[in-house]
Structure formats: structure tokens, C-alpha cells
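Reading the structure
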Amino acid sequence: MRVHMLEYDKEVDYGDFETEEYNLIGLYLSEEEAQKAKKRVALEMNIDEELLCVSSTEIGKLQWEGGFVSSDDIYHDFVTLTACFNEWLGIDKNAEESWEDDKYYNALCEVEEVAYKIKDIRELAEYIRQVWIRRFDDKDRSLEDYMQIADNIISTMNE
């Protein structure tokens, strides 16, 4: 059984250091319920919808399979993920320049959350497709396009 989580996540820059505000807002039995709650919370609490994220996980499954990782490993993996997407989209920027686009950065974050968990290319392709349609209303790409990026991510991130 899967549970869908509605989370608030915001990076805050205080000048001399950065931190993250995080809050688990709710757990839902369906993604549809979580997406409805996301819209309701954004409206009622006057929160930018880009700061709210719906993710899912399997109940009863160990969620911490990889053990401890360093922030350098996480950074390197996110740079790698960004490079995969930049190549796929034909974006000629380095990772940091790409991250300046908040909408693109948040989409990458959403994909990164599941990129390690999903090992099936088609399943990851479908997930990326849902993210891209929801965040960019990009309905022009075929499933084959998403299969290409999913394959690249799985093969690159699991090296």
C-alpha cells in the first residue's frame, strides 16, 4: 500500500548561511487527495504552490536503505541529474545556472526524490511525464521521449 505525502519545503538564505524550512503537512491514501489538499493549503494559507510537494512511498518498507550519505554525494548526484535533463532538453547551462529557474529546479527536486527508488525505466518515465505535464503543461512529448530520459537517469545515477 502506498501513502502520499504533502510536504512544505523552502530554502531560506540568511546571507551568511542557508537553511531549509520543512514540514510534513499531511498523509493521504491517493495522489488525487494529496493534490487537492495541496491546492487547498496553498489557497487557504497563502503559500506558493511551488513550495508544496506531493511524494509517495510504500508503507511497511524500509525507507532508509542507503544509509548515511554526505552532502557532497547528494550535490554530485543532483548535478548529474541536472546534466541528464539539460542534455535531454537541449539546455546549454551548467547546473548552478539551471537551478536559477525556480520552476525547473523544483521539477528536478521532485524527480530526484524518486530517481533512486524507481529502477523500472517505464515507471520512472511515467513519473517524469506526470511531473512535466503538471509543472510545465508539456503534453507534446511522447512516452518514448520520457523513456529516453528515464533510461539515462537510471543508468547514470546507478553507476
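In this report, we go over the structure that sits alongside the text. (Residues numbered from 1 in each chain as written. Predicted model: local features only at pLDDT ≥ 70, side-chain atom pairs only at ≥ 80, totals over all residues. Heavy atoms only, no water.)

A few words now on helix H1 (residues 31–44). Relative to the 20 Å expected for 14 residues at 1.5 Å per residue, H1 spans 20 Å between its end C-alpha atoms, a close match to the ideal helical length. Ala34, Gln35, Ala37, Lys38, Val41 and Ala42 are the residues of H1 that are buried. Projected onto a plane normal to the axis of H1, the buried residues spread over an arc of 160° and lie on a single side. Opposite the packed face of H1, turned more than 90 degrees from it, sit the exposed residues Glu32, Lys36, Lys39, Leu43 and Glu44. Structurally, H1 contributes buried residues whose contacts are with strand S1 (2–13), strand S2 (18–28), strand S3 (52–58) and helix H5 (121–136). Remark: Asn46 follows H1 within two positions and exhibits a positive phi of approximately 55°. (Helix = DSSP H or I, 4+ residues; strand = E, 2+ residues; numbered from the N terminus. Expected span 1.5 Å × (residues − 1). Buried < 20%, exposed > 50% of the residue type's maximum accessible area, 1.4 Å probe, protein only. Arc of directions from axis to C-beta. Contact = heavy atoms within 4.5 Å.)

Turning our eyes to something else, we now look at the packing of helix H2 (residues 71–89) against helix H4 (residues 102–115). Packing of H2 against H4 leaves a shortest axis separation of 11 Å and a crossing angle of 115°. For the crossing formed where H2 meets H4, the hand is right-handed. Here Phe78, Leu81, Thr82, Phe85, Asn86 and Leu89 of H2 lie close against H4, whose contacting residues are Tyr104, Tyr105, Leu108, Cys109, Val111 and Glu112. Partitioning the contact of H2 with H4 into residue classes produces 9 nonpolar, 2 polar and 1 charged. (Axes fitted to C-alpha atoms, helices over the stretch in contact; angles between N-to-C directions. Left-handed = near helix turned anticlockwise from the far one by under 90°. Nonpolar A, V, L, I, M, F, W, Y, C, P; charged D, E, K, R; others polar.)

With that settled, consider unusual backbone geometry. A positive phi is found at Asn46, a non-glycine position, where the angle reads about 55°. Mapped onto the elements, Asn46 comes out in the loop between H1 and S3. According to the relative accessible area criterion, Asn46 is exposed, its value standing at 73%. One non-glycine residue, Asp137, lies in positive phi territory at about 55°. Position of Asp137 among the secondary structure elements: in the loop between H5 and helix H6 (143–157). When its relative accessible area of 54% is taken as the criterion, Asp137 is described as exposed.

No statement about biological role is implied by the geometric values presented.
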